[in-house]
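This is what each chain is made of:
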Amino acid sequence: MGKPNGGFFWVSSSGSSSCSERDEFDSEEEEVENGEHGSFCVSPDRWDVLGLGQAMVDFSGVVDDEFLGRLGLDKGTRKIVNHEERGKVLQAMDGCNYKAAAGGSLSNSLVALARLGCKPIGGPALNVAMAGSVGSDPLGGFYRTKLQRANVNFLSEPIKDGTTGTVIVVTTPDAQRTMLAYQGTSSTINYDSCLADVVSKTNIFVVEGYLFELPDTIRTIRKACEEACRGGALVAITASDVSCIERHYDDFWEIVGRYADILFANSDEARALCNFSSEESTISATRYLSHFVSLVSVTDGHRGSYIGVKGKAVYIPPPPCVPVDTCGAGDAYASGILYGILRGVSDLKAMGTLAARIAATVVGQQGTRLRVQDAFDLAESFAFDLESYIVRSDVGSDHISSV
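Residues numbered from 1 in each chain as written. Predicted model: local features only at pLDDT ≥ 70, side-chain atom pairs only at ≥ 80, totals over all residues. Heavy atoms only, no water.

Chemist: Help me understand the packing of helix 3 (residues 105-116) against helix 11 (residues 329-342), please; the structure alone is not making it clear to me.
Modeler: The angle between the axes and the distance between the axes are what describe a pair of packed helices. One way to put it is that helix 3 packs onto helix 11 with a least axis distance of 8 Å and a crossing angle of 45°. As far as their axial angle goes, helix 11 and helix 3 are oblique. By crossing handedness, the relation of helix 3 to helix 11 is classed as right-handed. In contact with Ser-105, Asn-108, Ser-109, Ala-112, Leu-113 and Leu-116 of helix 3, helix 11 contributes Asp-331, Ala-334, Ser-335, Leu-338, Tyr-339 and Leu-342. Residue classes in the contact of helix 3 with helix 11 are distributed as seven nonpolar, four polar and one charged. (Axes fitted to C-alpha atoms, helices over the stretch in contact; angles between N-to-C directions. Helix = DSSP H or I, 4+ residues; strand = E, 2+ residues; numbered from the N terminus. Parallel < 35°, antiparallel > 145°, perpendicular 65-115°, else oblique. Left-handed = near helix turned anticlockwise from the far one by under 90°. Contact = heavy atoms within 4.5 Å. Nonpolar A, V, L, I, M, F, W, Y, C, P; charged D, E, K, R; others polar.)

Chemist: Can you walk me through helix 9 (residues 267-274) in this structure?
Modeler: Since there are 3.6 residues in each turn of an α-helix, residues three or four apart along the chain are aligned in direction. With seven of eight residues buried, helix 9 lies mostly within the body of the structure. If you check which residues of helix 9 are buried, you get Ser-267, Glu-269, Ala-270, Arg-271, Ala-272, Leu-273 and Cys-274. Among the structural elements, helix 7 (242-247), helix 8 (249-259), strand 13 (262-266), helix 10 (282-289) and strand 14 (295-299) are those in contact with the buried residues of helix 9. The residue sitting at the N-terminus of helix 9 and contributing the capping side-chain oxygen is Asn-266; that oxygen lies 3.1 Å from the backbone nitrogen of Asp-268. Positive phi shows up at Asn-275, right after helix 9, with a value of about 60°. (Buried < 20%, exposed > 50% of the residue type's maximum accessible area, 1.4 Å probe, protein only. Polar contact = N/O pair within 3.5 Å; in protein donor to acceptor, adjacent residues only side chain to side chain.)

Chemist: How should I be thinking about the sheet that holds strand 8 (residues 152-154) in this particular structure?
Modeler: Each strand in a sheet pairs with another by means of backbone hydrogen bonds, the pair being arranged parallel or else antiparallel. Read from one edge of the open sheet, nine strands run 8-7-3-11-12-13-14-15-16, paired in mixed fashion. Looking at strand neighbours, the two that pair on one side only are strand 8 and strand 16 (312-316), the edges of this open sheet. Adjacent strand axes in the sheet meet at a mean angle of 20° when their direction is disregarded. In terms of strand pairing, strand 13 meets strand 14 through five bridges, oriented parallel. What sits directly across from Asn-266, in strand 14, is Thr-299. This element, helix 3, spans strand 3 (47-52), strand 7 (128-131), strand 8 and strand 11 (202-207) of the sheet and lies at about 165° to strand 7. (Pairing = 2+ DSSP bridges.)

Chemist: Where do I start with the pairing of strand 11 in this structure?
Modeler: As a general feature of sheets, a regular strand has side chains that alternate between the two faces. Most of strand 11 sits inside the fold, with six of its six residues counted as buried. Pairing geometry for strand 3 and strand 11, over five bridges, is parallel. Across the sheet, the residue bridging to Leu-50 is Phe-205, located in strand 11. Handedness of the crossover joining strand 11 and strand 12 (residues 234-238) through helix 6 (residues 218-230): right-handed. (Right-handed = clockwise from strand over helix to strand, strands pointing away.)

Chemist: For this particular structure, what's the right way to read the confidence of the model for the protein chain?
Modeler: When pLDDT drops low, the exact placement of atoms in the prediction is not to be read closely. Averaged over every residue, the pLDDT of the protein chain is 84; residues scoring 70 or more account for 84%. Confidence over residues 1-18 falls short of pLDDT 50; this stretch has 58 contacts with residues more than four positions distant or in other chains. Considering only residues more than four positions removed or in separate chains, one finds that residues 390-403, a stretch of pLDDT under 50, has 32 contacts. (pLDDT = per-residue confidence, 0-100.)

Chemist: What is the right way to read the pattern of salt bridges from this model?
Modeler: Two side chains of opposite charge can pair, provided their charged atoms sit close to one another. Going through the model one piece at a time under the given rule, you end up with 11 salt bridges. Taking the shortest distance from any N to any O, the salt bridge between Lys-201 and Asp-197 comes out at 3.4 Å. The exposure class assigned to Lys-201 is partly exposed, which follows from its relative accessible area of 36%. Its relative accessible area of 28% is what places Asp-197 among the partly exposed residues. (Salt bridge = Lys/Arg side-chain N within 4 Å of Asp/Glu carboxyl O.)

Structure representation (structure tokens):
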């Protein structure tokens with residue numbers, strides 16, 4: 001047991017993940033512990049999924065429209081804030097019912113995937129990991145500990161004297177979310193030999209689109225994607241945000257066009273990537289993108305979703321759902337697609353239906369995390385039909401191309 005040079009914690013082991021986590025993500029209050037955590041991660045022979053993304057602590061709560069008006073916030077938007085602005089909003093939330101969690105769009109997907117795959121249902125238990133930047137502050141230790149308890153191994157070493165990023169997510173009674181992101185001073189992700197090593201030992205490598213906002217990360221993304229391709233991994237990209245795509249359009253297409261096997265987007269993000277107007281249909285954007293990426297997953301809110309392959313799009317109708325909180329819906333959907341791929345599912349309709357059910361489950365609750373029992377129930381019910389969908393057990397680019 002030890003901490004190697006270069007920035008990752010691990011213990012050599014061929015063991016797989018377990019479902020021993022406590023459901024602390026779902027508690028109403030989280031305690032932020034002081035000091036660095038010397039957490040250690042299990043390092044299997046290969047990771048089923050490794051995500052590279054922003055490690056952000058989420059502060060989430062329910063507010064009314066008057067709250068947004070007092071702070072001059074536009075409902076349903078995402079805004080980058082500085083340290084002073086973050087403090088102002090948190091002070092305004094004092095007395096409100098809110099909770100802290102190890103957040104970020106990518107980590108939502110990885111936690112859901114780890115919970116779906118924490119038991120050998122329809123296949124072996126899944127090994128899920130994440131790399132990113134956290135500071136050596138209390139929030140960094142909080143983030144690492146919470147992911148570990150959710151069976152997502154956080155591999156990156158804290159940045160000395162760095163401050164961990166945060167996202168304040170406020171939801172109004174109409175289920176619309178407004179997000180305020182503070183990136184902190186630990187938002188740069190460097191490419192080194194340790195990151196290259198773990199990337200080379202993964203089956204699916206997922207890059208979070210929000211990383212395109214961070215300084216000097218394009219080089220890291222490019223090199224990591226190159227290493228993933230050399231190692232035979234699928235590369236998945238999340239579009240993340242329309243304004244992010246518009247600001248970094250050329251960078252997005254460089255990575256998507258060269259490396260992506262899988263693309264996750266919502267309808268607005270898909271149109272932004274296509275440079276389509278808002279009048280263009282979601283299915284048109286899905287079809288267009290599928291000429292460049294082997295598998296395209298596009299969600300369209302209450303209207304359903306599409307999976308695009310080779311210029312065609314399969315429509316996935318939305319399951320019945322009473323929306324409580326739309327935050328995390330797309331992240332949950334992505335976990336279902338990844339789970340289906342890892343379980344060898346070739347039927348796109350079946351894969352999309354599972355993803356839609358997972359998203360509907362998250363939308364029907366308060367909070368962004370798929371709960372442990374819900375994940376177990378979804379995985380178990382899906383396993384009944386799994387045998388008819390499996391075409392082979394290995395995962396690689398040829399598998400997606402054949403779909």
